Amino acid sequence: MSKVIAITNQKGGVGKTTTALNLSTFLALEKEKILVIDSDPQGNLTSGIGIKKEQMKYGLYDIYAAGVPAREAIIATGIPGLSVITATMDLFGAELDLLEKNERETTLKKVIEPLKKDFKYIMIDCPPSFGLLTLNALVASNSVLVPVQCEYFALEGLSLLIKLLWRIRGSFNEGLDLEGILLTMFNRHISLSKQIADEVRKVFKTKVYDTVIPRNIILAEAPGHGKPVAIYAPNSPGAKAYADLTKEIMNDNTLLI
Ligand SMILES: Nc1ncnc2c1ncn2[C@@H]1O[C@H](COP(=O)(O)OP(=O)(O)OP(=O)(O)O)[C@@H](O)[C@H]1O
Ligand SMILES: [Mg+2]
């Protein structure tokens, strides 16, 4: 039994990578086997999780472009139970290669299928755009987790994203579910933060996680040390929030095959 979750929002800098990195770490610390796939050519997750260039023989680009078997691209991280498929700048080129393929939106789905028996959760960190990399992630996934920054224009981008998700459900992946909306970078000293959080909850109701991720500088510092916050600063407010989110997600045990 396995669940594939894409972490996506076409808006940049909303906390997708921070969420993918820390959620997958906390899930692994719960003694689950987790695979996190970096599907963003920026490679922020790859470096934030502490993978060095010399450890990377193959990454997601090689899977897309050269048909390298996914198993050969899986790298064990320093965290027991947590494995990663990495991304480098080359991945920008994969989007162009995919354009020339016939089954351009189902490539990642086929790659992930045989891995499902080995991992309880497979998380995909998406880039801040709606190109073929994101489409492949959404077609391969059971559900979508959407981080939303508690700032102006959050709702505008969110309604566009939900419309696109329904289109993908209609055309490519009828089982695609909205896993949940995660409020990120919440600043309790700023009334705008609370206002945005209230508005998002009013519209999306129970689909918004109870857990809110606070703005916490430790979350921004940790990737520079190649460590998730669970290891870098386990008692920080950011680490505690991601630990709470992990529990919320694990309690929702609608796991799919
Ligand atoms: N809760 C937080 N508190 C403080 N800083 C944060 C928090 N979450 C993320 N950051 C920082 O904000 C920046 C953007 O976060 P992140 O990279 O996770 O967003 P993203 O949505 O993946 O961005 P992109 O769209 O470029 O991929 C990073 O520098 C990150 O370290
Ligand atoms: Mg990112």
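These numbers were taken from a predicted model, which means no experiment stands behind them.

Conventions adopted
Within any chain, residue numbers begin from 1 and follow the written order of that chain's sequence. In the order they appear in the text, chains get letters beginning with A and ligands get numbers beginning with 1. pLDDT decides what is reported in this predicted model: residues at 70 or higher carry local features, side-chain atom pairs at 80 or more are listed and counted, and totals for whole chains, interfaces and linings draw on all residues regardless. Helix and strand definitions follow DSSP, with helices as H or I runs of at least four residues and strands as E runs of at least two, each counted in order from the N terminus. To get the radius of gyration, use the C-alpha atoms; to get the globule rule, take the number of residues to the power 0.38 and multiply by 2.2 Å. Once C-beta atoms have been placed from the backbone, residue pairs whose C-beta atoms lie within 7 Å are recorded as contacts. The length a helix should cover is 1.5 Å for every residue beyond the first. Burial is judged by counting the other C-beta atoms within 10 Å of a residue's own C-beta: 20 or more makes it buried, 12 or fewer makes it exposed, and any count in between marks it as partly exposed, with every C-beta position built from the backbone. Directions pointing from the helix axis toward each C-beta atom define the arc. Only the C-beta atom, placed from the backbone, is used; a residue is near a molecule or strand if that atom lies within 6 Å of it. Think of a nonpolar core as buried Ala, Val, Leu, Ile, Met, Phe, Trp, Tyr and Cys residues, each tied to the set through C-beta atoms within 7 Å. At least two DSSP bridges between two strands are needed for those strands to be called paired. Axis angles are defined between N-to-C directions and span 0 to 180 degrees, where every axis is a line fitted to C-alpha atoms and, for a helix, only to the segment in contact. By convention a crossover is right-handed if, when the strands point away from the viewer, the path from the first strand over the helix to the second runs clockwise.

### Brief notes about the overall build of the chain
Working step 1: What the chain contains, in helices and strands, is 12 helices and eight strands.
Working step 2: Taking 2.2 N^0.38 as the reference for a compact globule, 257 residues should give roughly 18 Å; the C-alpha atoms of the chain span a radius of gyration of 17 Å, in line with that estimate.
Working step 3: Seen along its three principal axes, the alpha-carbon backbone of the chain occupies a region of about 50 × 40 × 30 Å.
Working step 4: Contacts in the chain between residues at least 24 apart in sequence constitute 77% of all its contacts with a sequence separation of at least 6.

### Some details on helix 8 (residues 154–171)
Working step 1: For helix 8, which comprises 18 residues, the first-to-last C-alpha distance of 26 Å matches the rise-based estimate of 26 Å (1.5 Å per residue) to within 8%.
Working step 2: Among the residues of helix 8, those classed as buried are Ala154, Leu158 and Leu161. Buried residues of helix 8, viewed axially, fall in a sector of 65°; they line one side. Turned more than 90 degrees away from the buried face of helix 8, the exposed residues are Glu156, Ser159, Lys163, Trp166, Arg167, Gly170 and Ser171.
Working step 3: In the core, the buried residues of helix 8 are packed alongside strand 6 (143–149) and helix 9 (191–204).

### Let's talk about the site of ligand 1
Working step 1: With respect to spatial proximity, 21 residues lie near ligand 1, and among them Lys16, Thr17, Thr18, Pro128 and Ala220 are the closest.
Working step 2: Put simply, the parts of the chain that give the shell around ligand 1 at least two residues each are helix 1 (16–29), strand 7 (177–186) and helix 10 (217–221).

### Some words on helix 12 (residues 237–251)
Working step 1: A rise of 1.5 Å per residue sets the reference length of helix 12, with its 15 residues, at 21 Å; its end C-alpha atoms lie 21 Å apart and thus fit the reference within 8%.
Working step 2: When we look at burial in helix 12, the residues that qualify are Gly238, Ala239, Ala241, Tyr242, Leu245, Thr246 and Ile249. Taken end-on, helix 12 shows its buried residues confined to a sector of 160°, consistent with a single buried face. Counted as exposed and oriented over 90 degrees from the buried face of helix 12: Lys247 and Asn251.
Working step 3: Where helix 12 is buried, its residues touch helix 1, strand 7, strand 8 (208–214), helix 10 and helix 11 (229–232).

### Some words on the nonpolar core
Working step 1: Among the nonpolar cores identified, the biggest contains 74 residues, and Val36, Leu60, Met123, Val148 and Leu182 are the most heavily contacted of them.
Working step 2: In terms of residues, this core owes the most to one element, helix 7 (residues 132–140), which gives seven residues.

### Re the pairing of strand 1 (residues 3–7)
Working step 1: By the criterion of burial, strand 1 is predominantly enclosed, with five of the five residues buried.
Working step 2: Burial along strand 1 is two-sided: the residues Lys3, Ile5 and Ile7 and Val4 and Ala6 are all buried.

### Points about the sheet that holds strand 8
Working step 1: Pairing within the open sheet is mixed, and its eight strands lie in the order 3-4-2-5-1-6-7-8. The outermost strands of the open sheet, each flanked by one partner alone, are strand 3 (75–76) and strand 8.
Working step 2: Pairing of strand 1 with strand 6, which is carried by three bridges, proceeds in the parallel orientation. The residue of strand 6 that forms the bridge with Ile7 is Leu145.
Working step 3: Packing against the sheet, helix 8 makes contact with strand 6 and strand 7, and its axis sits at approximately 170° to strand 6.

### Describing the environment of Cys150
Working step 1: Of note, Cys150 is situated in the loop between strand 6 and helix 8.
Working step 2: When the 26 C-beta atoms within 10 Å are taken as the criterion, Cys150 is described as buried.
Working step 3: Distance in space between the C-alpha atoms of Cys150 and Ser193 is 5.0 Å, their sequence separation being 43 residues.
Working step 4: In contact with Cys150, not counting residues within four places along its chain, are Leu183, Met185, Phe186, Ser193, Ile196 and Ala197.

### Things to note about the pairing of strand 6
Working step 1: In terms of burial, strand 6 is a largely internal element, six of the seven residues being buried.
Working step 2: One ladder, built from seven bridges, connects strand 6 with strand 7; its direction is parallel. Paired with Ser143 across the bridge in strand 7 is Asp177.
Working step 3: Note that the unit made of strand 6, helix 8 and strand 7 has a crossover that is right-handed.

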